[in-house]
Amino acid sequence: MSSALDRLKNLTNKISSYETARKDNLKILKNLYKKIEIDKKVENFSDLFDFKAINLSGASLLSDSLGEIKKGKYLQILAISYDKTAVQKSKNISLAYFGKVENVESALKDMVVEFIIRYRFEKSFMTLENYYDMIGTFKVNE
């Protein structure tokens, strides 16, 4: 019985820490959204999450090379919108253009990379909630 209670406590702590991390992440993400001036292109912060995805060109988003610049490329934040009814279903939209990545201040580049990672963190929670709701429509098969 004790091990079941311990597992429940651990699970509760993990869920609580994720929710705390998520709330903190949203605060920082909103601050970055203004600092790197995404608010000039996407007026309402919540509208960011209407995009299918947000990508970055010019710097790595891989964990083992996070933030490393790609020489000769341009630092740019690209959003992917998706419209089921359109002839061309998906469309890339530039949210921010910073110029040649070698010429961008390191601090700004780091904020841009952090913005993308924090956006993806929140988007992953939204996706999880969406799939959780979807599986709720199925009958439980045991």
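As a reminder, the structure under discussion sits directly above these lines.
Residues numbered from 1 in each chain as written. Predicted model: local features only at pLDDT ≥ 70, side-chain atom pairs only at ≥ 80, totals over all residues. Heavy atoms only, no water.

Draft legend 1. Looking closely at the overall build of the chain. Across its full length, the chain carries 2 helices and 3 strands. Each helix and strand of the chain, ordered N terminal to C terminal, gives the series α-β-β-β-α. Taken over C-alpha atoms, the radius of gyration comes to 19 Å for the chain, far larger than the 14 Å a tight globule of 142 residues would show. With the C-alpha coordinates aligned to their principal axes, the bounding extent of the chain is approximately 60 × 40 × 30 Å. Residues counted as buried form 27% of the 142 residues belonging to the chain. Of all intrachain contacts in the chain linking residues separated by at least 6 positions in sequence, the fraction that spans at least 24 positions is 59%. (Helix = DSSP H or I, 4+ residues; strand = E, 2+ residues; numbered from the N terminus. Rg over C-alpha atoms; globule rule 2.2 N^0.38 Å. Buried < 20%, exposed > 50% of the residue type's maximum accessible area, 1.4 Å probe, protein only. Contact = heavy atoms within 4.5 Å.)

Draft legend 2. Molecular detail of a nonpolar patch on the surface. A contiguous nonpolar patch, built from Tyr132, Ile135 and Phe138 and spanning about 410 Å² of accessible area, is present on the exposed surface. You can see isoleucine 135 is positioned in helix α2 (residues 106–135). (Patch = residues over 30% accessible without salt bridge, like charges linked within 9 Å, V, L, I, M, F, W, Y side chains within 5 Å. Areas by Shrake-Rupley, 256 points an atom, 1.4 Å probe, with all protein chains shown as cover. Salt bridge = Lys/Arg side-chain N within 4 Å of Asp/Glu carboxyl O.)

Draft legend 3. Inspection of the packing of aromatic side chains at higher detail. What the rule picks out here adds up to 6 aromatic pairs. Between phenylalanine 45 and phenylalanine 49, the aromatic rings sit 5.7 Å apart at their centres with planes inclined by 85°, giving edge-to-face as the arrangement. In this pair, the class of phenylalanine 45 matches that of phenylalanine 49, namely buried. Linked through ring pairs, Tyr33, Phe45, Phe49 and Tyr119 together constitute an aromatic cluster. (Phe/Tyr/Trp six-rings, centres within 6.5 Å; stacked < 30°, edge-to-face > 60°.)

Draft legend 4. Examining the nonpolar core more closely. With 26 residues, the main nonpolar core has Ile38, Leu48, Ile54, Leu56, Ile77, Leu95 and Phe115 as its most contacted residues. Those elements that place two or more of their residues in this core are α1 (2–35), β1 (53–57), β2 (74–82), β3 (90–100) and α2. Here the element with the most residues in this core is α2; it accounts for 5 residues. Dropping the residues within four chain positions of it, phenylalanine 115 is found in contact with Leu29, Leu32, Tyr33, Ile36, Ile38, Leu48 and Ile77. (Core = buried A, V, L, I, M, F, W, Y, C linked by side-chain atoms within 4.5 Å.)

Draft legend 5. Main features of α1. Between its terminal C-alpha atoms α1 stretches 49 Å, which fits the 50 Å expected from 34 residues at 1.5 Å a residue. Taken together, the buried positions of α1 are Arg22, Asn25, Leu29, Leu32 and Tyr33. Contacts made by the buried residues of α1 are with α2. One or two steps after α1, the chain reaches glutamate 37, where phi turns positive at roughly 65°. (Expected span 1.5 Å × (residues − 1).)

Draft legend 6. Main features of the pairing of β1. Of the two faces of β1, only one is covered, namely that formed by Ile54 and Leu56; the face formed by Ala53, Asn55 and Ser57 stays uncovered. Here β1 pairs with β2 via 5 bridges, running antiparallel. Its bridge partner lying in β2, serine 57 is registered against glutamine 76. (Pairing = 2+ DSSP bridges.)

Draft legend 7. Structural detail: the pattern of salt bridges. In total, this model carries 5 salt bridges according to the counting rule given. Glutamate 37 is paired through a salt bridge with lysine 40; the nearest N and O atoms lie 3.5 Å apart. Between lysine 109 and aspartate 110 there is a salt bridge, and its shortest N-O distance comes to 2.8 Å. Within this structure, Arg22, Glu122 and Glu129 form a network of salt bridges that share partners.

Draft legend 8. Looking closely at the sheet that holds β3. Ordered by their spatial adjacency, 3 strands build an open sheet running β1-β2-β3, and the pairing between neighbours is antiparallel. The sheet is open, and its two borders are formed by β1 and β3, each paired with just one other strand. The average angle at which neighbouring strand axes cross in this sheet is 20°, direction not considered. Seen against the sheet, α2 touches β1, β2 and β3 and runs at an angle of roughly 155° to β1. (Axes fitted to C-alpha atoms, helices over the stretch in contact; angles between N-to-C directions.)

Note that every value here comes from positions in space, so none of it alone points to a role or purpose.
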